[in-house]
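Okay, here's what each chain looks like letter by letter:
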Amino acid sequence: MTLTGNLFIIILSYLDSHLHTPMYFFLSNLSALDLCYTTSSVPQLLSNLWGPKKTISYVGCMLQLYFVLALGTTECVLLVVMSFDRYAAVCKPLRYSVLMNTHFCHLLAAASWVSGFTTSALHSSFTFWVPLCGHRKVDHFFCEVPALLRLSCVDIHANELTLMVMSAIFVVIPLILILSSYGAIIFTVLRMQSTARLQKVFGTCGAHLTVVSLFFIPIMCIYLQPPTENSQDQAKFIALFYTVVTPSLNPLIYTLRNKDVRGAVRRLTACEREQ
């Protein structure tokens, strides 16, 4: 579902010229991000479920941690960018084409990816500096910071503080910016007179808010709650949402009842028939 749905969005946005807009450009980036995010963790999960051997090399664990952190951080920033795009489209419609020009859109997308991968390089390096003292059993279905810190035999308060600070920067602040954008959007929408425009705004913004909720709520439950004795089993269950469930649902959320996507599919189908 994840591979098919996200590839469908990327290919459709590329082939149909009507979808060459900032909204679908960022949506294609989100789909590519979800493809990479799922690929970094789900194959290992499926391998562990399939057979009795549930191992991963130390280097493989390092790489998995790096990419999971990088892609998760990138998605936090990219969702802020997408909310700003919706804010500009709804609240600044006359200046939208000037504000969200092609160069600026590419710059925002690049900044999202670069910030995620740069932050992950620093944070994952800091995590792997912690000595494990022979502990090798990771109580999780993929290598994640809280699970790896539990293996440590030294004081990890500095790591936990770093984790809280990074979570505040890349989870809480993006969420505040997203909610602020939608607060302004709601205020503008309530003053609209056109029912058709009102429905379109609620359709596109509602889909984005659903994706934001599915991603940020599980992330906050894991990275912002204090560790408890029973939190690890809960963390494994919650982690399934942002690693498996959310990437598979995002294409459905954005395409179901989306007139632009249905129109693009009809145009491509008509072209195939004419050929």
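Every value quoted in this text rests on a predicted model; they were computed, and no experiment measured them.

What follows covers the nonpolar core. When a protein is soluble and globular, its nonpolar side chains tend to lie buried together. Counting residues in each nonpolar core, the largest one holds 65 residues, and the members touching the most others are Phe 26, Leu 30, Leu 79, Met 82, Phe 215, Phe 216 and Tyr 242. Broken down by element, this core gets its largest block of residues, 15 residues, from helix 3 (residues 58-91). Not counting the four nearest positions on each side in its chain, Phe 215 is found in contact with Tyr 37, Gly 72, Glu 75, Cys 76, Leu 79, Tyr 242 and Thr 246.

Overall, the coordinates contain 3 salt bridges when judged by the stated rule. Lys 236 serves as the salt-bridge partner of Asp 139, at 2.8 Å between the closest nitrogen and oxygen. Of this pair, Asp 139 sits in the loop between helix 5 (102-128) and helix 6 (145-149) while Lys 236 is found in helix 9 (residues 231-255), placing the two residues 97 residues apart along the sequence. Judged by relative accessible area, Lys 236 falls into the partly exposed class, the value being 21%.

This part is about the packing of helix 1 (residues 2-15) against helix 2 (residues 22-50). Between two packed helices, what matters for the description is the angle formed by their axes and the separation of those axes. Two elements in contact, helix 1 and helix 2, have axes whose closest approach is 9 Å; the angle formed by their N-to-C orientations is 150°. Classified by the angle their axes make, helix 1 and helix 2 are roughly antiparallel. Considering the relative orientation of helix 1 and helix 2, their crossing is left-handed. For the pair formed by helix 1 and helix 2, the contact residues are Thr 2, Leu 3, Asn 6, Leu 7, Ile 9, Ile 10 and Ser 13 on the first element and Tyr 24, Leu 27, Ser 28, Ser 31, Ala 32, Asp 34, Leu 35 and Thr 38 on the second.

All right, on to the UniProt feature "transmembrane region" (unreviewed entry) in the protein chain then. Within this numbering scheme, the UniProt entry marks residues 56-82, 164-189, 201-225 and 237-256 as carrying the feature "transmembrane region" (unreviewed entry). Taken end to end, residues 237-256 is 95% helix and 0% strand, and its first and last C-alpha atoms sit 27 Å apart.

Our next topic: helix 7 (residues 157-189). Over its 33 residues, helix 7 runs 46 Å from end to end, which matches the ideal 48 Å to within 8%, given 1.5 Å per residue. The sharpest bend along helix 7 measures roughly 35° and falls at Ala 168.

We now examine helix 1. Helix length check: helix 1, at 14 residues, gives a terminal C-alpha distance of 20 Å against a target of 20 Å (1.5 Å per residue), a fit within 8%. All of the buried residues along helix 1 are Thr 2, Gly 5, Asn 6, Ile 9, Leu 12 and Ser 13. Along helix 1, the residues classed as buried sweep out an arc of 130° about the axis, all on the same side. Across from the buried face of helix 1, at angles greater than 90 degrees, the exposed residues are Leu 3, Thr 4, Tyr 14 and Leu 15.

Reading guide: rules and limits
- Residues numbered from 1 in each chain as written.
- Predicted model: local features only at pLDDT ≥ 70, side-chain atom pairs only at ≥ 80, totals over all residues.
- Heavy atoms only, no water.
- Core = buried A, V, L, I, M, F, W, Y, C linked by side-chain atoms within 4.5 Å.
- Buried < 20%, exposed > 50% of the residue type's maximum accessible area, 1.4 Å probe, protein only.
- Helix = DSSP H or I, 4+ residues; strand = E, 2+ residues; numbered from the N terminus.
- Contact = heavy atoms within 4.5 Å.
- Salt bridge = Lys/Arg side-chain N within 4 Å of Asp/Glu carboxyl O.
- Axes fitted to C-alpha atoms, helices over the stretch in contact; angles between N-to-C directions.
- Parallel < 35°, antiparallel > 145°, perpendicular 65-115°, else oblique.
- Left-handed = near helix turned anticlockwise from the far one by under 90°.
- UniProt positions renumbered as here; feature names shortened; annotations may be inferred.
- Expected span 1.5 Å × (residues − 1).
- Bend = angle between axes of the 7 residues up to and from the residue.
- Arc of directions from axis to C-beta.

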